[in-house]
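Given next are the chains, with one letter for each unit.
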Amino acid sequence: MDRFARLVSRLLRVPVAFVSLFEEDRQILPGLFGLPQPWADARALPPPHGPWRSVAASGRPLVVTDVRTDERLRTTPAAAGLGVVAYAGMPLTDGDGIVLGALCAVDREPRTWSDGELSDLEDLATVCSAELCLRILSAQSRSVQKVLETARAGADRARSDAQRLEREAQAGLDHAGLLLRASEELAQTSGLEDVRRRLRDLFVGAGKPTYVGLLVADKDELHRVPDPDVEHAVEREVLTMPVTAAFPSTRALRERRPVFVPDREALVADYGPEALGFFDRMGFTTLLCLPLWGSRTVLGVLAICWAEKHEVGVTERATLTAASGYIAQAVERALYLDERISVARQLQEAMLTDLPRADPLDISALYEPAAVDDMIGGDWYDAYLLPSAPSGEPGALMITVGDITGHDMHAATIMGQIRSMLRQATLDHPRTAPPPLFPPSTPRARSCPSRPPGHWSTRASLRPTTVPAGR
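Residues numbered from 1 in each chain as written. Predicted model: local features only at pLDDT ≥ 70, side-chain atom pairs only at ≥ 80, totals over all residues. Heavy atoms only, no water.

Trainee: Please give an account of the packing of aromatic side chains that cites residues and values.
Mentor: The full count for this structure, using the stated rule, is four aromatic pairs. A centroid spacing of 6.2 Å and a plane angle of 15 degrees characterise the contact between Tyr211 and Phe284, whose relative ring orientation is stacked. Of this pair, Tyr211 sits in strand E7 (residues 211-218) while Phe284 sits in the loop between helix H10 (273-282) and strand E11 (286-293), placing them 73 residues apart in sequence. On the accessibility criterion, Tyr211 (5% relative accessible area) is buried. (Phe/Tyr/Trp six-rings, centres within 6.5 Å; stacked < 30°, edge-to-face > 60°. Helix = DSSP H or I, 4+ residues; strand = E, 2+ residues; numbered from the N terminus. Buried < 20%, exposed > 50% of the residue type's maximum accessible area, 1.4 Å probe, protein only.)

Here you go:
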């Protein structure tokens, strides 16, 4: 706008020229030339300051030869404050003809304005009005653009927030589903192998891990429980490691706390080359190891691995920790059940008879449970030789086969008592004992198992042979 003021000063040969725009409580001067201080720096005038307000009121040009002799204007502060004597002002309008301000030429001496000067001032006012309209449109365009950008940014934020809320809601559903599955699926597990099998389908959803491993502590070692149905490269390479090994899983066991490895850089910083090489070969990037707490101690470690970098937030970590509690309960129950089965089988084996040597007889036996788990039988077999007769004749071979109803410790106890009682009775009273099943000359006897569902049983198979007369 200053260039219009300079053009007015040069074309009309006046010392002062300016562009005045009217506001409700002031006049701003976006363009000026020759205006004294403090108006030049302020670029503003009070509302009643000068004849240019008349242009705004009437919407027509105002031309004054000498303000001091004009009845309308001689009392205005412009004559003394700005040194205005001669004045010519042309209205500045927008595209709708609304007066925005005035293009003013001021002389400090009385002056008669020629038609040519007024025509030049009017032409400059027209061009200045066009410039103002362009600036208004540009400002409006920028304002609209800003509004659009603000609206677009708001829409993007709203869309982003909606997507975030959707992800959080889905994550919440996934977390709730994980805990529900863990409580249901792991409640009826029958052993470590079963627990490992059910872990495979426990973790689903957007944040599904690449691999979930179950490691069980045994003294100074950590043993990985392999998946019984699906082969994993992890389980082929490392099945057992010492507790002192520099791995995140062993660290979680030693320190009895969760261990989180967010990326490869953290693995390089905190662990040795063996762990780094292993995770590079397996293609893992993020790892979370959770200790599995039993009722008295840490039973093992749950290793959750992701191939891509995965952010584990507070909610997800809390959910995984809660799920590890269900897994720990299943592991403790499985270890207890496996121990009971092992003890029961050892007890059953300890209660079976060592077969005697009875040449030329060939004796062998096989005893198997017809049921699973920790049930032991009340069935038994026994084979032994009676003492030699006073005549020196070898004692006969005695075989007893029996069954006590039940599959528990009580049945096994009764079975042991009866077997021992029968053996002792025949040994103490060989002459009045039940007749031997096989005389000493019988060439071969064999007992072998038969397994009707849900029972223990033993079947004796005999090979007929000729017995000499009198025997």
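Trainee: Give me the lowdown on the environment of Asp41, citing residues and values where you can.
Mentor: Here Asp41 shows up in helix H2 (residues 39-42). Owing to a relative accessible area of 64%, Asp41 belongs among the exposed residues under this scheme. Linking Asp41 and Leu29, residues 12 residues apart in sequence, is a C-alpha distance of 10.0 Å.

Trainee: Please set out the confidence of the model for the chain residue by residue, giving values where relevant.
Mentor: Averaged over every residue, the pLDDT of the chain is 80; residues scoring 70 or more account for 80%. In this model residues 437-466 is a low-confidence stretch, pLDDT under 50, and it forms 65 contacts with partners more than four residues away in sequence or in other chains. (pLDDT = per-residue confidence, 0-100. Contact = heavy atoms within 4.5 Å.)

Trainee: Help me get a handle on unusual backbone geometry, residues and values and all.
Mentor: A positive phi is found at Arg13, a non-glycine position, where the angle reads about 55 degrees. Inspection of the secondary structure assignment puts Arg13 in the loop between helix H1 (2-12) and strand E1 (16-22). In the Ramachandran plot, Lys219 falls in the positive-phi region, its phi being about 60 degrees despite a non-glycine side chain. Counting through the fold element by element, Lys219 comes out in the loop between E7 and strand E8 (221-224). For Lys219, a relative accessible area of 79% corresponds to the exposed category.

Trainee: Let's hear about the sheet that holds strand E2 (residues 27-33): which residues, and what values?
Mentor: The six strands are arranged E3-E2-E1-E6-E5-E4 in an open sheet whose pairing can be described as antiparallel. This sheet does not close on itself; its edge strands, each paired only once, are strand E3 (44-45) and strand E4 (62-64). As paired elements, E4 and strand E5 (residues 86-93) share three bridges and run antiparallel to each other. By the bridge assignment for E5, Val63 is matched with Ala88. Its contacts with the sheet place H1 against E1, E2 and strand E6 (99-107), and it is angled at close to 55 degrees to E2. Docked against the sheet, helix H5 (residues 115-185) engages E1, E4, E5 and E6, running at close to 35 degrees with respect to E5. (Pairing = 2+ DSSP bridges. Axes fitted to C-alpha atoms, helices over the stretch in contact; angles between N-to-C directions.)

Trainee: Please set out the nonpolar core residue by residue, giving values where relevant.
Mentor: One finds Met241, Phe247, Phe278, Phe279, Phe284, Leu287 and Cys289 to be the most contacted residues of the largest nonpolar core, which totals 28 residues. For this core, the elements supplying multiple residues, two or more each, are E7, helix H8 (248-255), strand E10 (259-261), helix H9 (264-270), H10, E11 and strand E12 (298-306). Per element, the largest residue contribution to this core is five residues, and it comes from H10. Beyond its immediate chain neighbours, meaning those up to four positions away, Phe279 contacts Phe247, Pro248, Leu267, Phe284 and Leu287. (Core = buried A, V, L, I, M, F, W, Y, C linked by side-chain atoms within 4.5 Å.)

Trainee: Pulling in residues and values, what's your account of the pairing of E8?
Mentor: Taking every second residue as pointing to the same face, the buried face of E8 carries Leu222 and Arg224, while none of Glu221 and His223 on the other face is buried. Examined bridge by bridge, E7 and E8 share four bridges and lie antiparallel to one another. Directly across from Leu215, in E8, lies its bridge partner Arg224. Hairpin remark: E7 followed by E8, antiparallel, with two residues in the connecting loop; positive phi at Lys219, about 60 degrees. Where E8 meets strand E9 (residues 240-242), three bridges bridge the pair, whose relative direction is antiparallel. For His223, the partnering residue across the bridge sits in E9 and is Thr240.

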